[in-house]
Amino acid sequence: MKLMVIDGNSILNRAFYGVRPLSTRDGTPTNAVYGFLTILQKLVGEEEPDALCVCFDLKAPTFRHLAYEGYKAQRKPMPEDLVVQVPLLKEVLDAMNIPRRELEGWEADDILGTLAAACEREGSQCLIATGDRDSLQLVSDQVAVRLAATKMGRPESTLYDPAAIREKYGVEPLQLIEVKALMGDSSDNIPGVAGIGEKTALDLISRFGSVDAIYENLDTIDVKPGVRKKLQEGKEMAYLSRKLAEIDRHAPIDCNLEDYRLKERDVQAAYTLLSKLEMHTMIEKLG
């Protein structure tokens, strides 16, 4: 089986900023939903998955917020024109019989990771579609990531398998957690070790393997005195950051892959809803 898991918030956000403003006659914004459905149709057409799931974040704090008060604290609120489209998209997905999963206290990344782990256990393939690099740590022989990006104003995606991770970063996929523990992540407000950037973090992990190995041998490893001092002073933050950066692959969700198999959509419900949203072109595209 091939399961495609989509990071709903990430792809919807990219669709919102990548599609010109659209709205119904009563002023309801629809560009993000339209863009998401366009991306979804393209992904399904190219990848031909047997099963599909769209995962969402919820507003409730997660275990990461409880571990570190500053986690994602710098993020700006979602634009109101995007906020109103989240429930609209969920309605459309439900009408199309596309399973979606969300869980209070857990991030969409954790649900992605849990379903990817289920695929690995059962010998199935998993393709994750997202706009965030966080999921690259999940890549394995059975799990690949389609990373959405925009170049020269045009959307595109890059497929990451283990070989692509090694080529780009010089480390194994799981070691990206260790890299982030040292360099942090400004987008999620993960602190990392003060003064350690991506280049130094990648060098350290490619040479020594893990945060544990670095700190167990900190007095003897071959690093510049300035780097050693930063590592000594930032040990607590390195371990906290690793905890924040690691995707939890044990979210309490339905892991029966058969429940995610593609189903016949409720044509009448989908047609009625898309008509209400005045997405006549999308109705034609979806047949």
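### Examining the overall build of the protein
Of the regular secondary structure elements, the protein holds 14 helices and six strands. For the protein, whose C-alpha radius of gyration is 20 Å, the value lies close to the compact-globule estimate of 19 Å for 287 residues. Summarising its shape, the C-alpha atoms of the protein cover approximately 70 × 40 × 35 Å along the three principal directions. By the burial criterion, 49% of the 287 residues in the protein qualify as buried.

### Here's the deal with the packing of helix α1 (residues 8–18) against helix α2 (residues 31–47)
Here α1 crosses α2 at 115 degrees, and the two axes come no closer than 7 Å. Relative to α2, α1 is oriented roughly perpendicular. Judged by the twist between their axes, the crossing of α1 over α2 is right-handed. Two secondary-structure elements touch here, α1 through Gly8, Ile11, Leu12, Ala15 and Phe16 and α2 through Asn31, Ala32, Val33, Gly35, Phe36 and Ile39.

### As for the pattern of salt bridges
Tallied over the full model, the rule gives 21 salt bridges. With a shortest N-O distance of 2.9 Å, Glu172 and Arg166 are connected by a salt bridge. Here the salt bridges share partners, and the residues they tie into one network are Lys2, Lys42, Glu46, Glu47 and Arg146.

### Here's the deal with the side chain of Ser210
Of note, Ser210 is situated in the loop between α9 (198–208) and α10 (211–216). Judged by relative accessible area, which is 19%, Ser210 ranks as buried. Filtering out sequence-adjacent residues up to four positions away, Ser210 remains in contact with Glu178 and Ile205.

### Comments concerning empty space enclosed by the protein
All told, the structure shown has one cavity of 30 Å³ or more when counted by the stated rule. Considered as a void within the structure, the largest cavity measures approximately 70 Å³ in volume. What lines the largest cavity is simply Arg64, Tyr71, Glu107, Asp109, Asp134, Gln137, Lys180, Asp188, Ile190, Leu244, Ala245 and Ile247. Taken together, the residues of the lining of the largest cavity break down into five nonpolar, one polar and six charged.

### Quick notes on the environment of Asn189
With respect to the element layout, Asn189 can be found in the loop between α8 (175–183) and α9. Classification of Asn189 as partly exposed rests on a relative accessible area of 28%. The sequence separation of Asn189 and Lys72 amounts to 117 residues, and the corresponding C-alpha distance is 5.1 Å. With near-sequence residues (within four places) excluded, Asn189 lies in contact with Tyr68, Gly70, Lys72, Ala73 and Gln74.

### What about the layout of surface pockets?
Space inside the largest pocket adds up to approximately 1700 Å³. If you list the elements that add at least two residues to the lining of the largest pocket, you get α1, α4 (80–83), α5 (85–95), α6 (108–122), α8 and α9. For the lining of the largest pocket, the leading source of residues is α1, giving six residues. Of the residues in the lining of the largest pocket, the class split is 22 nonpolar, ten polar and 17 charged.

### Digging into the packing of aromatic side chains
Here the structure, examined in full by the defined rule, presents three aromatic pairs. With 5.0 Å between their ring centres and 85 degrees between their planes, Phe16 and Tyr17 make a pair best called edge-to-face. Tyr17 sits in the exposed class, given a relative accessible area of 57%. Plain terms: the ring middles of Phe63 and Trp106 are 5.7 Å apart, the flat faces sit at 65 degrees to each other, and that makes the pair edge-to-face.

### Considerations on unusual backbone geometry
Notably, Asn189 is not glycine yet its phi reads approximately 60 degrees, a positive angle. Positive phi outside glycine occurs at Glu278, with the angle close to 60 degrees.

### Topic: the environment of Glu246
Structurally, Glu246 can be placed in the loop between α12 (235–245) and α13 (267–276). Judged by its relative accessible area of 42%, Glu246 is partly exposed. In sequence terms Glu246 and Ile214 are 32 residues apart; their C-alpha atoms lie 18 Å from each other. Beyond its immediate sequence surroundings of up to four residues, Glu246 is in contact with Arg64, Gln137 and Ile177.

What counts, and at which threshold
- Residues numbered from 1 in each chain as written.
- Predicted model: local features only at pLDDT ≥ 70, side-chain atom pairs only at ≥ 80, totals over all residues.
- Heavy atoms only, no water.
- Helix = DSSP H or I, 4+ residues; strand = E, 2+ residues; numbered from the N terminus.
- Rg over C-alpha atoms; globule rule 2.2 N^0.38 Å.
- Buried < 20%, exposed > 50% of the residue type's maximum accessible area, 1.4 Å probe, protein only.
- Axes fitted to C-alpha atoms, helices over the stretch in contact; angles between N-to-C directions.
- Parallel < 35°, antiparallel > 145°, perpendicular 65-115°, else oblique.
- Left-handed = near helix turned anticlockwise from the far one by under 90°.
- Contact = heavy atoms within 4.5 Å.
- Salt bridge = Lys/Arg side-chain N within 4 Å of Asp/Glu carboxyl O.
- 1 Å grid on protein atoms, 1.4 Å probe; cavity = no way out; pocket = protein on both sides within 12 Å on 5 of 7 lines; lining within 4 Å.
- Points joined across faces, edges and corners; volume = space filled by probe spheres on them.
- Nonpolar A, V, L, I, M, F, W, Y, C, P; charged D, E, K, R; others polar.
- Phe/Tyr/Trp six-rings, centres within 6.5 Å; stacked < 30°, edge-to-face > 60°.

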